[in-house]
Structure formats: structure tokens, C-alpha cells
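# An overview of the molecular structure
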Amino acid sequence: MSPESTIRERVLTIHGIESSGDWQEEVARAFAPHFESRVQRFYGYRTHRPMRPQQLLAVSVVLGRENMAFMDASDLYAEDFGPFDGRVWLNTAHQGPLPRVAVEAARAALEQKTRPHLLRDEDFFEVPRRLRAALGKLIGAAPEDIILGNSTSYGLDLLANGMQWRRGDEVLVVDGDFPADVFPWSILRNQGVTVRFIEARAGLVDPQQLALEISPQTRLFCTSWVNSFSGYAIDVDGVGQVCKRNHVIFVLNAAQGLGARVLDVQNSPVDAVTCCGFKWLCGPYATGFCWLASALRESLTIRHAYWLTMQAGKPLDKMRDYSLRNDLGARVWDVFCTANFLNFMPWTAAIEYLLHAGPANIADYDQRLVTQLLQKLDEERFELISPRTGPQRSTLTLIRPRKAEQAAAWHKRLSVAGFDVAVREGNLRISPHLHNSQEDIANLVEALST
Ligand SMILES: Cc1ncc(COP(=O)(O)O)c(C=O)c1O
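Keep in mind that what you see is a predicted model, and the values were worked out from it rather than measured.

Rules used in this analysis
- Residues numbered from 1 in each chain as written.
- Predicted model: local features only at pLDDT ≥ 70, side-chain atom pairs only at ≥ 80, totals over all residues.
- Helix = DSSP H or I, 4+ residues; strand = E, 2+ residues; numbered from the N terminus.
- Buried ≥ 20, exposed ≤ 12 C-beta atoms within 10 Å, placed from the backbone.
- pLDDT = per-residue confidence, 0-100.
- Contact = placed C-beta atoms within 7 Å.
- Pairing = 2+ DSSP bridges.
- Axes fitted to C-alpha atoms, helices over the stretch in contact; angles between N-to-C directions.
- Near = placed C-beta within 6 Å.
- Nonpolar A, V, L, I, M, F, W, Y, C, P; charged D, E, K, R; others polar.
- Core = buried A, V, L, I, M, F, W, Y, C linked by C-beta atoms within 7 Å.
- Domains from an automatic or database assignment.
- Expected span 1.5 Å × (residues − 1).
- Arc of directions from axis to C-beta.
- Right-handed = clockwise from strand over helix to strand, strands pointing away.

## Some remarks on the overall build of the protein
- Secondary structure summary: the protein contains 15 helices and 13 strands in total.
- Put simply, the protein has 450 residues, and 41% of those count as buried.

## Quick word on the confidence of the model for the protein
- For the protein, per-residue confidence averages 89 on the pLDDT scale, and 83% of positions sit at 70 or higher.
- Low pLDDT, under 50, characterises residues 34-50; the predicted model gives this stretch 15 contacts beyond four residues in sequence or across chains.
- The model gives residues 64-74 a pLDDT under 50, and that stretch makes 18 contacts with residues more than four places away or in other chains.

## Considerations on the environment of I198
- Inspection of the secondary structure puts I198 in strand β4 (residues 194-198).
- Residues contacting I198, with those up to four places away along its chain left out, are L172, V174, D175, V205 and E213.

## Points about the sheet that holds strand β10 (residues 397-401)
- Taken together, the four strands give an open sheet; going across it, the order is β9-β10-β13-β12, and neighbouring strands pair in antiparallel fashion. Each edge of the open sheet carries a strand with a single partner, namely β9 (382-384) and β12 (422-424). The sheet shows a mean angle of 40° between the axes of neighbouring strands, taken without regard to direction.
- In this structure, β10 lies alongside strand β13 (residues 427-430), joined through three bridges in antiparallel fashion. Across the sheet, residue L398 finds its bridge partner in β13, namely R429.

## Describing the site of the ligand
- In the neighbourhood of the ligand, the contacting residues comprise S151, T152, S153, F178, A180, S224, S228, N253, A255, Q256, C276 and G288.
- Here the residues of the shell around the ligand sort into four nonpolar, eight polar and no charged.

## Here's the deal with the nonpolar core
- Counting 107 residues, the largest nonpolar core has V251, V273 and A350 as its most contacted members.
- Top contributing element to this core by residue count: helix α12 (residues 341-357), with eight residues.
- Composition of this core by domain shows at least three residues from each of domain 2 (79-90 + 358-448) and domain 3 (110-356).
- If we ignore the near neighbours within four places in the chain, the residues touching V273 are I139, L252, A254, V265, C290 and W291.

## So, the pairing of strand β7 (residues 272-276)
- Of all five residues in β7, five are buried; the element is thus mostly enclosed.
- Because side chains alternate across β7, one face comprises the buried residues A272, T274 and C276, and the other comprises V273 and C275, equally buried.
- Across three bridges, the pairing between strand β6 (residues 249-253) and β7 is parallel. The residue bridging V251 from the neighbouring strand is A272, located in β7.

## A short note on helix α15 (residues 438-449)
- For α15, which comprises twelve residues, the first-to-last C-alpha distance of 17 Å matches the rise-based estimate of 16 Å (1.5 Å per residue) to within 8%.
- Inspection of α15 places D440, I441, L444 and L448 among the buried residues, and these make up the whole buried set. Viewed end-on, α15 has its buried residues packed into an arc of 95°, placing them on one side of the element. Facing away from the buried side of α15 by more than 90 degrees, the exposed set consists of E446 and S449.
- Buried residues along α15 sit against β1 (88-89), α13 (359-376), β9 and β11 (419-420).

## A closer look at the sheet that holds β7
- One open sheet holds the seven strands; their spatial order is β2-β8-β7-β6-β5-β3-β4, and the pairing between them is mixed. The open sheet terminates on both sides in strands that have one partner only, identified here as β2 (146-149) and β4. Taking each pair of neighbouring strands and ignoring which way they run, the sheet shows an average axis angle of 20°.
- Pairing of β7 with strand β8 (residues 288-292) involves five bridges; the strand directions are antiparallel. Following the sheet pairing, T274 is matched in β8 by C290.
- Docked against the sheet, helix α5 (residues 123-139) engages β2, β7 and β8, running at close to 120° with respect to β2.

## Side note on the environment of K113
- By the secondary structure assignment, K113 is in helix α4 (residues 100-114).
- Taking the C-alpha atoms as reference points, K113 and L342, separated by 229 residues in sequence, lie 8.8 Å from one another.

## Focus: the pairing of β6
- Burial runs high along β6: five of the five residues are buried.
- Burial along β6 is two-sided: the face carrying I249, V251 and N253 and the face carrying F250 and L252 are both buried.
- Relative to β6, strand β5 (residues 218-224) is paired through five bridges, and the arrangement is parallel. For S224, the partnering residue across the bridge sits in β6 and is N253.
- Considered for its hand, the β-α-β crossover made up of β5, helix α9 (residues 236-245) and β6 is right-handed.

## Topic: unusual backbone geometry
- P83 follows G82 through a cis peptide bond whose omega is 10°.
- Relative to the elements of secondary structure, P83 occurs in the loop between α3 (53-62) and β1.
- Of note, the phi angle at D85 is positive, near 55°, even though the residue is not glycine.
- In this fold, D85 is placed in the loop between α3 and β1.
- Given 7 C-beta atoms within 10 Å, D85 falls into the exposed group.
- A positive phi angle, near 70°, is found at A286, a position not held by glycine.
- The residue A286 is located in the loop between β7 and β8 in this model.

Here you go:
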């Protein structure tokens, strides 16, 4: 019996449904009363549609009729993405795919621009409002504390240019980190600021090492949550506590973490979080946001004043009020053209989709994919560079061919076989997310073994 038919029989047995003919129809009818309520909301489904046996079984679990251990969620999310033209996208650390709901939102934005009469004045305020609300919910922040940007670098740039630096101030960064975490501070050298690299294995600074590295001159420490080249994740709480104790501003680049890991800024010792939207948050390219603790935000020198932000809450037919407002909070830091319809509408839909699915559920699911990959990886052939287990393990798995073969050759071979992974610093980087199924990982493992 095939796994599909085993699951099918199991679903039918559990629910006492007599199967004749179109069994999917029968099962769907049996579940219909629930579709409008818990199940739909739990998975973020907007419409009724045929479900796969695995999904039906997962539905049974949600309804409390089956044992959790038997749940096979492998295709729960995958069907909300794609199509991928028969390929397997395992490179979220580069670009996360748009979920279908986000594609629909992008189409709506395109439609508005095709027929501009569809664009209402209130949309200029509603689009950023809704995005701020979704991002606030994602990181446990008040929506009015979210700064809308276009990249990870946006938040770093506004800090570097908004802080009042003194000659002799020191910024600590990590040797081996992504360059976005270094350049914004490097240009401060002409103001007498020192940028010092911490030497750290795998680009990972632990709290003890950081405590030793901090000097009386250190003003700020900036690091990635997850290192793009090693896949190691830092101990945010531990590192943040060290910074707090030493009155050092802790800037967290969440680009390779948020969306695959859970962050609650109210309960984390972070002063600033900056993130792009186009990786684990599954948004379009050129999206991002930043959150700053209010004391830090209020200490910054404001260096731009954007007319549409100054207009917030006022009608667009009355705009010749040139007084500068000081009641805008985080909004004064927003990127210009905050109602970036083509980007922000799909990004909002993507984040709302992730919120529906539940960030903790996604984190669990992603980790299951990583576990599956690592359990089956042929380690005679590949050396594992990223962590095998524990809190330092992320959703970025880095492996290096042991023989003389180059990662680039494997990259090509995998690409020909339909698997899209990345090569970074001589290693293969595999970064699955919720759009991938367990079948994707099983197929990849097989491709890596042949
Ligand atoms: C850790 C990290 N930060 C930042 C970025 C991208 O920076 P930005 O969003 O500013 O283009 C990447 C990857 O592209 C990254 O891996």
C-alpha cells in the first residue's frame, strides 16, 4: 500500500466515513462544519479547496481526534506557495518565495496602478498602517514603534547617521559577519569613531567573550542573529544582558532569523532590531523594517522630514501646512514613499500569512526539516559546518564536500537536478522554509548521496 493510501484509509477509519467513489468529497463534507471556523483560521485558508490526505490528517489532529505524534504536516504550507516549475527552492537565506496570498495582493496593487482611479487617498495611510500592525504583532512591539524601511541596512544607516558620536567612541562588530553589519559604522571613522572586529569562531560571539571585549570606549555592538556564512545563531538574551550591564547599545540584525525564529522585543534585551523582508519573511525584494527602544530612538538626531509623513492624519487635499511636527514617534524615520503599494501590499499579506500559521509553528516546522536533512546527510561525503543541534542551530545548513570536489561543482550538479541552493565562502548553503515539504528534503538527501 502506498503511503497516500495508508493515510487515506486512516483518515476514513478515524472518522468512520464509508468511502465509495470520491472519498475526498465525503471527507470534505464531514469536515465542512469546521472549515469555517478553527481549521480555516488555524491554517489561514481563505477558501474551501481540495485537501491532501496529509492535510486531512492534520485537520483531524487540530480537531482533537488523533494523536499528535502521527501528524504529518509535510504539505501543510507548501501548497500555499509556488508553483516552482518542478524545482525545489532551498535558498531562503537569499530570497524567500512569496506565498500565494501575497501574489494576490501584488496583483491587486498592480490593478490599482493599471487603473489609478482604484487608488484611494486613504490607501496612502492604510497601506503603511496595516504593515506596521502586522510587523508589530510579529515582534511583540507597538505598531507605532515600527519604522518602515527597504532593507536591513536601512535601520543600521539611520542609527549610524542619527547617533551623536564622540571622538574615541568604539563600535564592536564581528569578524566573519555579513558586510551589511560593518559598512554603516566604517564611514564613522572620519568622525573619530573606531570600528573594532571581534575575532570569533564561526562569526559567533558568546556572552563571555563579549564581556571581555567590551572596553570603556564601546558605545555599540552590532551582530547578525544568524550568521549567513556559518549558520550559527547567537544567544540573543545572553549577549544582550552583557550589553545592558555595560551600557552598550545592542543592535541585532535579524535578517537571517526573523520568520524562522521567534522574537519578542518586549522580553529581549535588544536596543535595536533591523531586518529585511525578502528572506524568511517571504516578502518582495527591497522591503525591511527596524525597531528601536524608545530611549535610543529619542536620543537620535532627526535628519529627514518627509512631506507625506508630516501629512499623517490629514486629508491630501490640504497640504500647505509647513509646520514641522514632533508628534510622529517612529514614523519620522520611515523610508520615503511609505505607501509603496507594489512592495508593501504583498509583504503585508505575507506577514499576515506567517502570523496566521503561527511563528512558533513555523519555527518548529523549519527545524523539523533541518533535522531531517542532518539525520540523513552523508557525512562521509560532506563535512557539516553549521551546528548539528541546540539553540545555536538555525535554518541555514552549511556543508562542505570532503573530497577534492568543489562546492561549486555540487551546486551545479544540484541545479541540474532541480535543487536551488547557494554557495557561500566555499560551502553549500541549504536553507529550507515552510514552502518546502519533507519530500523536498528527502529528494535532496538522495541527490546528495548519488
Ligand atoms: C545577515 C544579513 N544581513 C543583511 C543582508 C541583506 O542586507 P540588506 O537587506 O540591507 O540588503 C543579508 C543578506 O542578503 C544577510 O544575510
